[in-house]
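Each chain, letter by letter, is given below.
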Amino acid sequence: MKCKICSREVQEEGFCSLHAKAYNNIQVKFEVWKSALDVSWSQYLAEIQKNSLTGEWAKDVAKHIIEEESKDV
């Protein structure tokens, strides 16, 4: 099975090991951002995509999550 984002083999959560690590980091850091800035999940994901200091793997995951959530609406 392939990663939801790239063509690497799936490791966990439907992601390859690199995107899975980014996904886990995004989830953990959201709690920090939420308490410090009182941002919503969607605002947080948008900020990840805009931040020049955010890594490409995390930006890929944030974009994927935003796209998936927009499909559900």
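Everything that follows concerns the structure shown earlier in this document.
Scoring rules and cut-offs
Residues numbered from 1 in each chain as written. Predicted model: local features only at pLDDT ≥ 70, side-chain atom pairs only at ≥ 80, totals over all residues. Heavy atoms only, no water. Axes fitted to C-alpha atoms, helices over the stretch in contact; angles between N-to-C directions. Helix = DSSP H or I, 4+ residues; strand = E, 2+ residues; numbered from the N terminus. Parallel < 35°, antiparallel > 145°, perpendicular 65-115°, else oblique. Left-handed = near helix turned anticlockwise from the far one by under 90°. Contact = heavy atoms within 4.5 Å. Salt bridge = Lys/Arg side-chain N within 4 Å of Asp/Glu carboxyl O. Buried < 20%, exposed > 50% of the residue type's maximum accessible area, 1.4 Å probe, protein only. Disulfide = S-S within 2.5 Å. Polar contact = N/O pair within 3.5 Å; in protein donor to acceptor, adjacent residues only side chain to side chain.

**Student:** Explanation requested: the packing of helix H1 (residues 17-37) against helix H2 (residues 41-50) in the structure shown.
**Tutor:** Each pair of packed helices can be described by the angle between their axes along with the distance between the axes. Contact geometry for H1 and H2: axes closest at 11 Å, N-to-C directions at 115°. The angle between H1 and H2 places the two elements in the roughly perpendicular class. Here H1 runs over H2; the crossing is right-handed. In this structure, H1 contributes Asn25, Ile26, Gln27, Lys29, Phe30 and Trp33 to the contact, and H2 contributes Trp41, Tyr44, Leu45, Glu47 and Ile48.

**Student:** Honestly, the pattern of salt bridges in this entry has me stumped. Any pointers?
**Tutor:** Pairs can form between side chains of opposite charge whenever their charged atoms are close. Applying the stated criterion across every chain, the model contains three salt bridges. Two residues, Lys2 and Glu9, come together in a salt bridge whose shortest N-O distance is 3.0 Å. Classification of Glu9 by relative accessible area gives partly exposed; the value is 43%. Linking Lys50 and Glu47 is a salt bridge whose minimum nitrogen-to-oxygen distance equals 3.2 Å. Placement of both Lys50 and Glu47 in helix H2 is noted, with a separation of three residues, approximately one turn of the helix. Judged by relative accessible area, which is 62%, Lys50 ranks as exposed.

**Student:** Sorry if this is basic, but what is going on with the state of the cysteines here?
**Tutor:** Joining two cysteines, a disulfide is a covalent bond between their sulfur atoms. Under the defined criterion, the tally for this structure stands at zero disulfides. This cysteine, Cys3, is not joined by any disulfide, and Cys6 carries the nearest cysteine sulfur, 3.8 Å off. Here Cys3 falls in the buried class, since its relative accessible area comes to 7%. Left without a disulfide partner, Cys6 is nearest to the cysteine sulfur of Cys16, which lies 3.7 Å away. Residue classification places Cys6 among the buried residues on the basis of a relative accessible area of 19%.

**Student:** What is the right way to read the side chain of Thr54 from this model?
**Tutor:** Locating Thr54 in the fold gives a position in the loop between H2 and helix H3 (56-72). Polar side-chain contacts of Thr54 include one of 3.2 Å to the backbone oxygen of Ile48. The residues contacting Thr54, other than those within four sequence positions of it, are Ile48 and Lys59.

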